[in-house]
Each structure stands twice: as structure tokens, then as C-alpha cells.
Amino acid sequence: MFFPSSAPLAVLTTQPLEGPLDYLAPEGGVALGAFVIVPLGPRHVMGVVWAHATGDYPIDKLRPVARVLDVPPMQEQMQQFLIRVGAYTLTPLYNMLRMAIRVPGLADLPGDRVVYVKGQSTPSRMTPAREKVLDVLISEPDMQFMAKELADLAGVSAGVVKGLVEHGAIDARTAPRDLPFPALDHKRPGKTLSTSQRKAAKALADKQGHGYGTTLLRGVTGSGKTEVYLEAVAECLRQGKQALVLIPEIALTVDFLSRVEARFGARPAEWHYGVTMTERRRCWRMVAEQKAQLVVGARSALYLPFADLGLIVVDEEHDGSYKQEDGVLYSARDMAVMRAALEGAQVILASATPALETWVNAESGKYDRITLDRRFGSAELPQMKPIDLRAEAMTSNAWISPRLADEIDLRLAASEQSLLFLNRRGYAPLTVCRACGHQIGCDDCDARMVEHRFRGELVCHQCGETKSKPKVCPNCGVEDRFAPVGPGVERLAEEAAQRFPQARIALLSSDMMLSGHALRDHIQGIAKGDADLIIGTQLVAKGHNFPLLTCVGVIDADLGLQGGDLRAAEKTFQLIRQVAGRAGRADRRGTAFVQTHQPEHPVIKAIISGDEEAFWIAEAAERKRAGVPPFGRLAGVVVSGENNALVNDIAQKLARRSGMLKDIGAEVFGPAPAPIARIRGRHRMRLLVRGAKDQRFQAALAEWRACVPIPSQVRVSIDIDPQSFY
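This structure is a prediction, so every number in the text was calculated from the model and none was measured. Every chain's residues receive numbers from 1 upward, in the order its sequence appears when written. Local features in this predicted model are restricted to residues whose pLDDT is 70 or higher, and side-chain atom pairs enter the listing and the counts only when it is 80 or higher, whereas totals over whole chains, interfaces and linings include all residues. Here the side-chain values reflect all heavy atoms present in the structure, with hydrogen atoms and water set aside.

Participant: I'd like a description of the side chain of arginine 263, backed by residues and values.
Facilitator: Here a helix means four or more residues in a row that DSSP labels H or I, a strand means two or more in a row labelled E, and each is numbered from the N terminus. Locating arginine 263 in the fold gives a position in helix α8 (residues 253-264). Relative accessibility under 20% of the residue-type maximum defines a buried residue, over 50% an exposed one, and the middle range a partly exposed one, all with a 1.4 Å probe and only protein chains included. With a relative accessible area of 5%, arginine 263 lands in the buried category. Only 2.8 Å separates the side chain of arginine 263 from the side chain of glutamate 231, close enough to count as a polar contact. Polar contact is defined as a pair of N or O atoms within 3.5 Å, subject to the rule that within protein one atom must be able to donate a hydrogen and the other to accept it, and that residues adjacent in sequence are counted only when both atoms are side-chain atoms.

Here you go:
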């Protein structure tokens, strides 16, 4: 559709308004979906030509569009995707548009820019700051940087970059603002596949170009799922379409990008927080112009403006990081299926331990299923062995059992790696005064502060607030009586250093890394054998390949089973099976030891036995009896604000109007104070809505929320299909 000069049209902006606003088309006209700059009061804001004019405003008073941006218009499928995600998640359209144009410099005029790459010379005097800059350039040889971006990544001043340019160690070049990405060669031969891999790869490739479909690619850890779905990517590219691979963790990109380059002869476009703003803008524009064939990215890459999307791969589809917990509350896995349906594209959901929702969809026939039940080559699945902590002679303030310590000693003697897993960051989860029992909490949240001894501070894991550990107890005034209670990975590393003084220990936790570059370098070093003993949080469960690792020790398998999370069993099962899968991925079989106080627990027994089908069948039956996802609907409602009485009043009013939801068979539980009742100074009340699978669930919730006037000081957030309940 095209609007000629001075024709009335509606523009959706990113401003918090009810909906699109009416304007006049500029001189020369404008296409539907065009990205534009429009006047709004005294300001100019960005928007998209959304539809015909609403007619709510006299045409003779309409203002014209100020400028049409030099980028391809938003396609109708993308517009529908934003509308449907907004309707599903109860998110205003202006917020959805922000998701789609969250890229810097989109309104910049075309032109050249100065970029910086590694030069041929070496500076006469090398300093630590200069080394940091050169390390960034060496680690990303194919990337061009703006001066400020390079300085920020290296953690130095812009003057350091300028000095290296003067010495010839960095070259300054003039380049077009956004360059196309190098072509990927789909004809390039891939790795030699096993018989089962070839069969799976052919089945996935044959689906390309045949409209929408979703397939669960379920393969045990180490079975080579990546190489299989890359063949589907190759077929997608052969057909001239674009592909998107979503990855849950930036640390996984280094290995994955190497695999893509080996398979297709060039690196794909990247979209995640680890790439520069310049590269993000380049990726956005080239995707829209179909000059980027493959994008590897985080969950937000789902909102890129693909010109001809043929395939979406969601790797480790069960991973919790695919759920966005702030702003627009959405599951990237579920929205990937929605976008593919609108685009007529294929979806591959890859995992060794699929989400129960995915498993049920595959069981019911809604999704196709392809299974890889053996590891590639001679590698075998690890043995699973429980360690009953009730029978172990554990000493005070020790968390590594004697039996597990003996097993690690055996691996050290054989020059093999071991891994200790504890899903708790920091040094200790509690800091308690031994004189009065006072626990140090966050000033702005109802949460206990976690000691991070390596950083020398206490940290709130809810709001990020930090403070020094006090010398004097603020409650009783006694000095030097604070003590850590419970273990975090830092304390576990301290214990391991004392117990295994000869071992080289590597700590793998997101808290320890300053940048994505540092994290990736750290993981690469571990894979090459730079450590004997790895200690980590759930970051170690995310698809890493450590060839020398043969022993995994789960320190506290019972930790995830605590609390009232309806997905506690599923998450614990997935996490421990994924961690165990890091062991024995080469020619030496691995063993995973699971420390537990309740080896008779059904989840622990399922983990040890490895009977995954039995676990999913039992878990599905439990969920079905409870009428909760995937057999029912849930919505988590959080009422928050700085005034506790006002928050409580609004929550009570919503509860009193819950009868509005009876028409769709829904019931409301609560309100009650949230488990963490105050975050960043805002008090929080929770309600939970449970309903049958009903197409009007979201619409009914929107009507229910609208029936209670919400003052500006209070926020009501509705999370459809919540993954957490804090």
C-alpha cells in the first residue's frame, strides 16, 4: 500500500500513547510500514506508518511526516507479529514497537564513518592499557570498531586508542556506515555425520520450503544436534531464505560461530549484548535488506526485521533465559513458533531435556519429533551415581563429601578434569551476626545480601545494590561478629583450594566476568586444559564442550526442589542432567556424582536412572491433575508501588472483582505479599490466576485489570505463562 503526498495516514510511535496518531504523507508519498520521523508537540519522534488514518482528528489540522528513513519498510508479517505478541502478553503496541527498533543510529543519514582495526606495527612502548585494546582487536579480527566502542570494551580511555593509531598498531579506515555480511556457502561440505545424524539432518532439510512446521530435535548431550540442524540451515540458505539461530548464553557463541564458519566459510551476523552498537545497527539494516543470511543471537533477535525468514532454530529450547522477566514479558521459544507461523517458516526446537510444554506438544502430534539417542562417535553417556550425604562423614563448613573428594583425586592423578556444580553465586547467601542473629539485608529490597568475597562487597541479587561488609552490627552494636552462612561457588572454590592444593581451579560464574570477551576467553582456556577443577553455577550447564572433563559433582541436588515453584521438579531434572552431560564427551567415559539428602525423592531417582520418558510422563500427569501449564493457563499478577497501603488496596480491589473471570472458568488466588515483598523500594503484592485453556484468557484478564482504576503511583504487571514466582 502506498500513501500519496498529503494523504492522511496513521503512524505508530514509540511514545506511551493509546495507539497510532494521524499525519499527512510527505512530499512524494510514503509506503505502508515505512519508518518515519514525525512531529509530536515540540519534539520529533520515530514511528512506523501503521495503517489508514484513524479519522479521530480534523484533516486540515494534521501535520505532515517530517522525514522518511532510508531503510526498508516493516513487512506486514512483522506488523502482525508485534500485534499478536502484544495481545498475548498484554503489552501496549508502543512497547512492542520499541522491541522492534531497539537499535542505535537507525535515523542516521547514509554516509561513511571512521572505523578502527588492528594494524601491522607494534608500539615502541607497551602498557597494560594498550594490551587490553589490542587483545580486543585480536579476539574479534573480523569486527570493525568505533573509537569509543573499542575504548569501552577494553576498559580504557579514548586517548589510549588514539595513541595506538599514532604508533600504527591500529589502522583508522573510512568505511560505509553499514556493510553487507559475507555470503555463506551452503555447498561447502559439513562434518562427517553418523547414520542417525544423516537421517535426522535429511528429515529436517526436507521440511525447508514447505510452509510452517515445528520439530523437536531431541538428542542426548554430545549427540551432535548442532551439526544436524546446520544442515537444515544450509538447505534454507540454498533456497535463498534467511535463518535465525537463538542461543541462550553469549558464552556459547564463540564455539558456535567457529562451527558456522567451518561449515559455511564465513561468520554470520550476531545480535546480543556482547557486540558493539555499531554492529547491532549493521545487523538490523542488513537483515532488513536481506544482506545477512544467518543471524546468531539472543532472544531479542526474534524482533529483527527479516526480509524472507525461512527457519528459526531455538537451541537449548528448555533454557529459562528465553523468558524475559522485565519489560515485555514473553517466552522467546513460544514467540518463535508464533513468528514462524506468520512467516510460513520452519522451527527447530533443540534440546537434550526439552521443556514439558514442548514434550507434550510433540507427544500430541502438534510438533514433529526427531530423536538422537546416542552420542557421536565412541563417546558414551556418563554414569550417574548418587552420594547419600546422610551416610557421609561431613565436617563442619565443608560441602565436598569424602567420596566425591576421592573421585576428584583419581581424576587429578589421571590428568583429567573435574567439575563441581552449585547453583548459587557469590561466597555465602547469608551474613549473620553471631551475637544477635541479625541478617544483613538490602536497604531497598526485602532480600538478604549475598557476600561476594572476591569483589570485597555484599550484593543484592534482586536490584544489584552493593555495600561493604560492616564491622559493627547495626542491630546490637557488637563488633566483628558477622559470619557467612551457607555456601556459594566462591566459598566452594575456597574449600576446593584447601582440599586440592595441587589443582588449578577455574571459577565459572557470570559474576566473575567483566565482559563477554573475558567470559569466552575463560571458557576456551578451560576447554584447552588450563584448569584441573572447574567450579561453576548454572552457566556450566549451557552446552559447553570440555573434552578432558570426566567427573561431575553436583554439590546440592536438593537445592532446586525447595519452594513452591510448580516447575521445580522439571527445572531440577533438566539442570542436573545438563550438567552431568558435560562429562565424558570425548573418548573417556564420564561419571556424574549427585550429592543429596533425599536419594529416594522421585526427581532424584529419575535423574539417577536416566529414564527421561518415565519422568516426563509422571510430571505431565501431575500437571494435568493440577490444571496448570501445559494443560491449563496461568497468569502471575504483581501489583507494585512505593506506598504499601495503596498497593495493598489495589490488589484487594482486583481480588474483589475476580468474579469477572468466572465466565472463562478462571479462579484468582491471593492477594498475598510476594516472596520478595519489596524490590528497589517498591512494595509488591501477588495474585495468581488459573484458568482452562481458553482463547479469551488474555482478553478477560485485560477487561479485569481495566475494571479497577490504577493510580499512576502503582504498576500492575500481568505475566502470561510465568516461569518464576518471586
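Participant: Explain the pattern of salt bridges to me, using residue names and the numbers behind them.
Facilitator: Only one rule defines a salt bridge in this text: a Lys or Arg side-chain nitrogen within 4 Å of an Asp or Glu carboxyl oxygen. What the rule picks out here adds up to 36 salt bridges. Its salt-bridge partner being aspartate 368, residue lysine 207 comes within 2.5 Å of it at the nearest N-O pair. Note that lysine 207 is positioned in helix α6 (residues 195-207) and aspartate 368 in strand β16 (residues 368-372), a separation of 161 residues in sequence. Given the relative accessible area of 38%, aspartate 368 is considered partly exposed. Each of Arg218, Arg577, Glu612 and Glu613 takes part in one network of salt bridges that share partners.

Participant: Residue-level account of the environment of lysine 542, with values.
Facilitator: Within the secondary structure, lysine 542 is located in the loop between β25 (533-536) and β26 (549-554). Under the relative-accessibility criterion, lysine 542 is labelled buried at 9%. Residues lysine 542 and cysteine 476, spaced 66 residues apart in sequence, show a C-alpha to C-alpha distance of 44 Å. The residues touching lysine 542, leaving out its near neighbours within four places in the chain, are Glu249, Leu252, Asp319 and Ser321. Contacts are assigned to residue pairs that have any heavy atoms within 4.5 Å of one another.

Participant: Before we move on, can you summarise helix α17 (residues 612-626) with the specific residues and values?
Facilitator: Since the α-helix turns once every 3.6 residues, residues separated by three or four places project in the same direction. Here the expected span of a helix is defined as 1.5 Å times the quantity of residues minus one. With 15 residues, α17 extends 21 Å from end C-alpha to end C-alpha; this agrees with the ideal 21 Å at 1.5 Å per step. Here the buried face of α17 lies against β10 (213-219), α11 (356-364), α15 (568-580) and α16 (602-609). Phi turns positive, to about 65°, at glycine 627, one or two residues after α17.

Participant: Tell me what's going on with the environment of proline 474, and back it up with residues and numbers.
Facilitator: Locating proline 474 in the fold gives a position in the loop between β22 (466-467) and β23 (482-485). For proline 474 and cysteine 433, which are 41 residues apart along the polypeptide, the C-alpha to C-alpha distance reads 9.6 Å. Excluding residues that lie within four positions of it along the chain, proline 474 makes contacts with His438 and Phe482.

Participant: Tell me about the side chain of aspartate 532, and please be specific about residues and values.
Facilitator: Among the structural elements, aspartate 532 can be located in the loop between α14 (516-527) and β25. For aspartate 532, a relative accessible area of 17% corresponds to the buried category. Setting aside residues up to four positions removed in sequence, aspartate 532 forms contacts with Leu412, Glu416, Gln417, Ser418, Gln502, Ala503 and Arg504.

Participant: I'd like a rundown of the packing of α15 against α16, residues and numbers included.
Facilitator: Contact geometry of α15 with α16 gives a least axis separation of 10 Å together with a crossing angle of 30°. As far as their axial angle goes, α16 and α15 are roughly parallel. In terms of crossing hand, the pair formed by α15 and α16 is right-handed. Each of Ala569, Thr572, Phe573, Ile576 and Arg577 in α15 lies in contact with α16, whose residues at this interface are Val603, Ala606 and Ile607. Residues that form the contact of α15 with α16 fall into these classes: 6 nonpolar, 1 polar and 1 charged. Working convention: axes come from line fits to C-alpha atoms, limited for helices to the stretch in contact. Angles between N-to-C directions cover 0 to 180 degrees. Under this scheme an angle from 65 to 115 degrees is roughly perpendicular, one under 35 degrees roughly parallel, and one over 145 degrees roughly antiparallel; angles in between are oblique. In this scheme, a crossing is called left-handed if the near helix is turned counterclockwise away from the far one by less than a right angle; it is called right-handed if the turn is clockwise. Only Asp, Glu, Lys and Arg are considered charged, only Ala, Val, Leu, Ile, Met, Phe, Trp, Tyr, Cys and Pro nonpolar, and every remaining residue, Gly among them, polar.

Participant: Can you break down helix α4 (residues 147-154) residue by residue, with the values?
Facilitator: Of all the positions in α4, only Glu149, Leu150, Ala151 and Ala154 are classed as buried. One or two positions beyond α4, positive phi appears at glycine 155, with a value near 70°.

Participant: Requested: an account of the nonpolar core, with residues and values cited.
Facilitator: Residues enter a nonpolar core if they are buried and are Ala, Val, Leu, Ile, Met, Phe, Trp, Tyr or Cys, with the set joined through side-chain atoms within 4.5 Å. Counting 55 residues, the largest nonpolar core has Met74, Leu244, Trp284, Val295, Leu302, Tyr303 and Leu304 as the members making the most contacts within it. If you tally residues by element for this core, the top one is helix α10 (residues 332-343), at 6 residues. Leave out the neighbours within four places in its chain, and methionine 74 touches Leu32, Gly33, Phe35, Val48, Trp50, Gln79, Leu82, Leu97 and Ala100. Within the second largest apolar cluster, 39 residues are counted, among which are Val360, Val540, Leu575 and Val579.

Participant: Describe in detail the sheet that holds β16, supporting the description with residues and values.
Facilitator: Pairing between two strands requires that DSSP report at least two bridges joining them. One open sheet holds the 7 strands; their spatial order is β12-β13-β11-β14-β15-β10-β16, and the pairing between them is parallel. Each edge of the open sheet carries a strand with a single partner, namely β12 (269-271) and β16. Direction aside, the axes of adjacent strands within the sheet are offset by 20° on average. On the sheet, helix α9 (residues 277-288) packs against β11 (242-246), β12 and β13 (294-297) and is oriented at approximately 120° with respect to β12.

Participant: I'd like a rundown of unusual backbone geometry, residues and numbers included.
Facilitator: The omega torsion across proline 629 and proline 630 is 10°, close enough to zero to call that bond cis. If you trace the backbone, proline 630 turns up in the loop between α17 and β28 (633-641). Of the consecutive residues glycine 670 and proline 671, the connecting peptide bond is found in the cis state with omega at 10°. If you trace the backbone, proline 671 turns up in strand β29 (residues 667-679). Its identity as a non-glycine residue notwithstanding, serine 415 has a phi of 60°, on the positive side. One can find serine 415 in the loop between α12 (402-413) and β18 (417-421). Since its relative accessible area comes to 59%, serine 415 is described here as exposed. At aspartate 480, a residue that is not glycine, the phi angle is positive and equals roughly 55°. With respect to the element layout, aspartate 480 can be found in the loop between β22 and β23. Here aspartate 480 falls in the exposed class, since its relative accessible area comes to 55%.

Participant: Describe in detail the packing of aromatic side chains, supporting the description with residues and values.
Facilitator: Classification of ring pairs rests on two measures: the distance between centres of Phe, Tyr or Trp rings, Trp counted by its six-membered ring, which must be within 6.5 Å, and the angle between planes, read as stacked under 30 degrees, edge-to-face over 60 and tilted in between. For the structure shown, the criterion picks out 7 aromatic pairs. Ring centres of tyrosine 229 and phenylalanine 256 lie 6.3 Å apart, and the angle between their planes is 35°; this geometry places the pair in the tilted category. Of this pair, tyrosine 229 sits in helix α7 (residues 225-238) while phenylalanine 256 sits in helix α8, and the two are 27 residues apart along the sequence. For the pair formed by tyrosine 229 and phenylalanine 256, the shared burial category is buried. Taken together, a centroid distance of 5.1 Å and an interplanar angle of 65° make the contact between phenylalanine 615 and tryptophan 616 edge-to-face. These aromatic residues form a ring-pair network of at least three members: Phe81, Tyr303 and Tyr330. We note arginine 280 situated over the ring of tryptophan 271; from NZ or CZ to the ring centre the distance is 4.3 Å. By definition here, charges over rings are those cases where NZ of Lys or CZ of Arg is within 6 Å of the ring centre and within 35 degrees of the ring normal. Of note, arginine 282 hangs over the ring of phenylalanine 181, and the distance from its end group to the ring centre comes to 3.8 Å.

Participant: Account for the sheet that holds strand β27 (residues 591-596), with residues named and values stated.
Facilitator: Taken in spatial order, the 6 strands line up as β17-β27-β26-β18-β25-β24 in an open sheet, and their pairing is parallel. Edge positions in the open sheet fall to β17 (383-388) and β24 (505-508), since each of these has one partner strand only. On average, adjacent strands in this sheet sit at an angle of 20° to one another, irrespective of strand direction. Pairing of β18 with β25, which is carried by 4 bridges, proceeds in the parallel orientation. Paired with leucine 419 across the bridge in β25 is isoleucine 534. Here α12 sits on the sheet in contact with β17, β18, β25, β26 and β27, set at roughly 160° to β27.

Everything listed here is a matter of coordinates, which is why it stays silent on function.
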